Amino acid sequence: MSFDNAYESLIDHEDTHWAFGTGFSEALAGVDREVPDVDRADLTAYCLMLGDDALVLSHRLAEWCSRAPELEEDVALANIALDLLGQARLLLTRAGEVEGDGRDEDALAYLRDERDFRNVHLAEIECGPFAGGDFATTMARLLVFSSWKIAQYSRLRASADPVLAAVAAKGLKELAYHRDHAAQWVVRLGDGTAESHRRMQAGLERVWPFLDELLTAHAVERRLAGVAVDPGELRSEVDGVLDAVLSAAGLTRPVDVPAARVNGLAGRDGVHTEAMGYLLAEMQHLHRSLPGATW
Amino acid sequence: MSSSWPLWEVFVRGKRGLNHVHVGSLHAPDAEMALRNARDVYTRRNEGVSIWVVPAAAITASSPDEKDPFFEPSGDKVYRHPTFYEIPEDVPHL
């Protein structure tokens with residue numbers, strides 16, 4: 001194989017001469033994009049719930065970039081953040097498609113205000129690297145979040161919405177790695193030194209009040225039977241996974257005292273914690289200052 | 001912190017590769033985490049189907065000082081090379 005210049009060899013021909021790094025495929029190629037016969041506003045809201053969970057946690061994990069305790073961990077956290085961002089893009093695109101008002105993934109990610117975000121509080125709270133946590137707290141959150149998401153997505157694969165089913169099937173493999181990464185660290189820190197054990201236990205105590213919201217059905221989820229997953233069904237599976245990891249780590253399961261709601265409302269209703277406004281300000285600032293900016 | 005974590009050498013077998021190839025090194029607290037770190041650092045672009053990690057301390061390397069007695073003697077022994085055969089084009093992996 002010969003080329004006139006070095007760049008020509010990189011484009012537009014079969015890739016068999018590459019030893020590494022080929023065979024990428026488009027995420028949802030060939031998936032039916034038919035919208036199931038359910039209330040469109042409900043389905044849009046449900047896509048936003050799932051998409052915002054992934055988008056907001058992705059942003060939180062990206063805050064570790066250049067701040068992780070080790071170079072290798074920096075790369076690992078960025079990889080996980082990018083996996084979640086990829087899921088968020090597919091889900092927000094679907095939300096815009098179902099809504100039918102011409103909003104794309106960028107409009108939904110960057111131009112909605114706090115009350116229109118539908119993510120759970122666990123995704124948005126500060127767990128480090130800044131005030132509100134540390135690396136152990138970040139691993140505690142990732143363990144709880146990914147254990148819950150795996151239970152949710154494994155059921156969502158049977159959703160009557162073919163796009164949600166496909167996103168779930170793709171996302172499960174990624175989430176399995178996220179949970180494994182978190183569990184490895186929870187066990188090492190919990191079963192490590194006295195100081196690492198103390199901080200790991202403190203990290204669990206910090207995130208535990210937000211577990212209940214993950215397992216409480218919202219009215220939209222109840223109305224979308226057959227399309228949405230009922231979070232109430234996930235409790236025993238999630239509890240089983242968390243108890244197994246905590247037991248291997250020599251950690252104590254915190255007492256279940258759910259975080260307070262505002263008039264019974266929480267993240268799924270667009271009612272967020274104090275941290276959410278600051279998070280959105282940083283995440284949306286560039287796009288709102290320079291609409292449509294690309295690089 | 002890096003100073004307290006041991007160094008590991010990473011070998012990846014690519015999709016089309018027949019053997020594991022050394023791709024670099026990294027720090028990790030133990031073998032399991034070294035495997036996971038290697039997955040994140042060296043196979044992000046779909047490079048691999050199998051990873052080995054080896055403690056760098058377990059590798060015995062030839063010394064640069066011994067380079068001449070080790071390698072020089074083979075320089076003029078052309079008869080050791082099978083360069084006088086014709087190799088058919090459709091024989092793979094040669």
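Rules of the game
- Every chain begins its residue count from 1, and numbering advances along the sequence as written.
- All chains are assigned letters beginning at A, and all ligands numbers beginning at 1, according to the order in which they are written.
- It should be noted that, the model being predicted, local features are given only for residues of pLDDT at least 70 and side-chain atom pairs only at 80 or more, the latter also being counted only at that level, while totals for whole chains, interfaces and linings use all residues.
- Calculation of side-chain values draws on the structure's entire complement of heavy atoms; hydrogens and water are dropped beforehand.
- Nonpolar cores are built from buried Ala, Val, Leu, Ile, Met, Phe, Trp, Tyr and Cys residues. Side-chain atoms within 4.5 Å join them into one set.
- Only protein chains enter the area calculation, which uses a 1.4 Å probe; residues under 20% of their type maximum are buried, those over 50% are exposed, and those in between are partly exposed.
- Secondary structure counts use DSSP, requiring at least four H or I residues in a row for a helix and at least two E residues in a row for a strand, with both numbered from the N terminus.
- Contacts are residue-level and defined by heavy atoms, with any inter-residue pair within 4.5 Å sufficient.
- By this rule, a helix spans an expected 1.5 Å times one less than how many residues it contains.
- Here the arc refers to the directions that run from the helix axis out to each C-beta atom.
- In short, DSSP must find at least two bridges between two strands for them to pair.
- In this analysis an axis means a line fitted to C-alpha atoms, helices contributing only their contacting stretch, and an angle means the value between N-to-C directions, from 0 to 180 degrees.
- Angles below 35 degrees are treated as roughly parallel, those above 145 as roughly antiparallel, those between 65 and 115 as roughly perpendicular, and all remaining angles as oblique.
- Crossings are classed by handedness, with left-handed meaning an anticlockwise turn of the near helix from the far one by less than a right angle and right-handed meaning a clockwise turn.
- Here the nonpolar group is Ala, Val, Leu, Ile, Met, Phe, Trp, Tyr, Cys and Pro; Asp, Glu, Lys and Arg are the charged ones; every other residue, Gly included, is treated as polar.
- Here a polar contact is recorded for every N or O atom pair within 3.5 Å, except that within protein the pair must consist of a potential hydrogen donor and a potential acceptor, and residues adjacent in sequence are included only if both atoms are side-chain atoms.
- Stacked, edge-to-face and tilted labels apply to pairs of Phe, Tyr and Trp rings (six-membered ring for Trp) whose centres lie within 6.5 Å, assigned for plane angles under 30 degrees, over 60, and everything in between, in that order.
- Criterion for a charge above a ring: Arg CZ or Lys NZ at most 6 Å from the ring centre, at most 35 degrees from the ring normal.
- Cysteine sulfur pairs qualify as disulfides if the two atoms are within 2.5 Å.

A.B. asks: Explain the nonpolar core here, please?
C.D. replies: Generally speaking, soluble globular proteins have nonpolar side chains that are buried together. All names here are of chain A. By size, the foremost hydrophobic cluster in this structure holds 92 residues, and its most contacted members are Y46, L122 and L164. Among the elements that make up this core, the one with the highest residue count is helix α5 (residues 135-156) (13 residues). Leave out the neighbours within four places in its chain, and L164 touches L43, Y46, C47, L50, L91, L156, S159 and V227.

A.B. asks: What's the story with helix α10 (residues 235-249) of chain A in this structure? I'm lost.
C.D. replies: Two residues of an α-helix separated by three or four positions point the same way, owing to the 3.6 residues in each turn. Residues and elements named next belong to chain A. In this model, α10 (15 residues) spans 21 Å end to end at C-alpha, consistent with the 21 Å of a helix rising 1.5 Å per residue. Listed in full, the buried residues belonging to α10 are V238, D239, L242, V245, L246 and A249. Mapping the buried residues of α10 onto a view down its axis gives an arc of 135°, with all of them on the same face. Exposed and oriented more than 90 degrees from the buried face of α10 are S236 and S247. Phi turns positive, to about 70°, at G250, one or two residues after α10.

A.B. asks: Looking at this structure, how should I read unusual backbone geometry?
C.D. replies: Both trends apply: most residues other than glycine have a negative phi, and most peptide bonds are in trans. All names here are of chain A. Cis rather than trans, the peptide bond between G128 and P129 has omega equal to 10°. Of note in the backbone geometry, S66 takes a positive phi value of approximately 75° without being a glycine. Within the element layout of this structure, S66 appears in the loop between α1 (40-62) and α2 (71-99). One non-glycine residue, N263, adopts positive backbone phi at about 50°. Inspection of the secondary structure puts N263 in the loop between α10 and α11 (275-289). The exposure class assigned to N263 is exposed, which follows from its relative accessible area of 74%.

A.B. asks: Looking at this structure, I do not really get the sheet that holds strand β2 (residues 21-27) of chain B. What am I missing?
C.D. replies: Remark on secondary structure: sheet strands pair via backbone hydrogen bonds, oriented parallel or antiparallel. Residue and element names in this part refer to chain B. Taken in spatial order, the three strands make up an open sheet running β2-β1-β3, and their pairing is antiparallel. Taken across any chain shown, the strands that pair with only one partner, and hence form the sheet edges, are β2 and β3 (48-55). Strand-to-strand twist in this sheet, taken as the mean axis angle between neighbours without regard to direction, amounts to 30°. Two elements, strand β1 (residues 7-14) and β3, share seven bridges in a ladder whose sense is antiparallel. Within the sheet, the bridge partner assigned to F11 lies in β3 and is W52. Across the face of the sheet, helix α1 (residues 31-42) comes into contact with β1, β2 and β3 while running at roughly 115° to β2.

A.B. asks: What's the story with α1 of chain A in this structure? I'm lost.
C.D. replies: Here α1 of chain A contains 23 residues, and its C-alpha end-to-end distance of 32 Å stays within 8% of the 33 Å for a straight helix at 1.5 Å per residue. α1 of chain A sits mainly inside the fold: 20 of its 23 residues count as buried.

A.B. asks: Even after reading the chapter, I still don't get the packing of α1 of chain A against α2 of chain A, so can you show me in this structure?
C.D. replies: Each pair of packed helices can be summarised by the angle the axes make with each other and by the distance between the axes. Residues and elements named next belong to chain A. The N-to-C vectors of α1 and α2 enclose an angle of 160°; their axes lie 7 Å apart at closest approach. Classified by the angle their axes make, α1 and α2 are roughly antiparallel. Taken as a pair, α1 and α2 cross one another with a handedness that is left-handed. Of the residues contributing to the contact of α1 with α2, the split by class is 19 nonpolar, four polar and five charged.

A.B. asks: Mind showing me how you'd approach the side chain of D53 of chain A here?
C.D. replies: Residues and elements named next belong to chain A. Within the secondary structure, D53 is located in helix α1. Look at D53 and you get buried, because its relative accessible area is 0%. A polar contact of 2.9 Å, which involves the side chain of D53, links it to the side chain of R268. Dropping the residues within four chain positions of it, D53 is found in contact with R118, N119, V120, A123, F145, W148, K149 and R268.

A.B. asks: Honestly, the packing of aromatic side chains in this entry has me stumped. Any pointers?
C.D. replies: A ring pair, where both rings are aromatic, is described by two values, the distance of the centres and the angle of the planes. One pass over the full model with this rule turns up five aromatic pairs over all chains. Between the aromatic rings of F135 of chain A and W185 of chain A, the centroid separation amounts to 5.5 Å while the plane-to-plane angle is 90°, which identifies the pairing as edge-to-face. On the criterion of sequence distance, the pair formed by F135 of chain A in helix α5 and W185 of chain A in helix α6 (residues 162-190) is long-range, its members being 50 residues apart. Taken as a pair, F135 of chain A and W185 of chain A share a single burial class, namely buried. Counting every residue linked through ring pairs, the aromatic cluster contains W64, F135 and W185 of chain A together with W5 of chain B. Lying across the ring of F117 of chain A, R112 of chain A places its NZ or CZ 4.1 Å from the centre.

A.B. asks: Would you explain the state of the cysteines in this entry?
C.D. replies: In a disulfide, the sulfur atoms of two cysteines are covalently bonded to one another. For the coordinates displayed, the defined rule picks out zero disulfides over all chains. Sulfur of C65 of chain A: no disulfide; nearest cysteine sulfur belongs to C127 of chain A and is 17 Å away.

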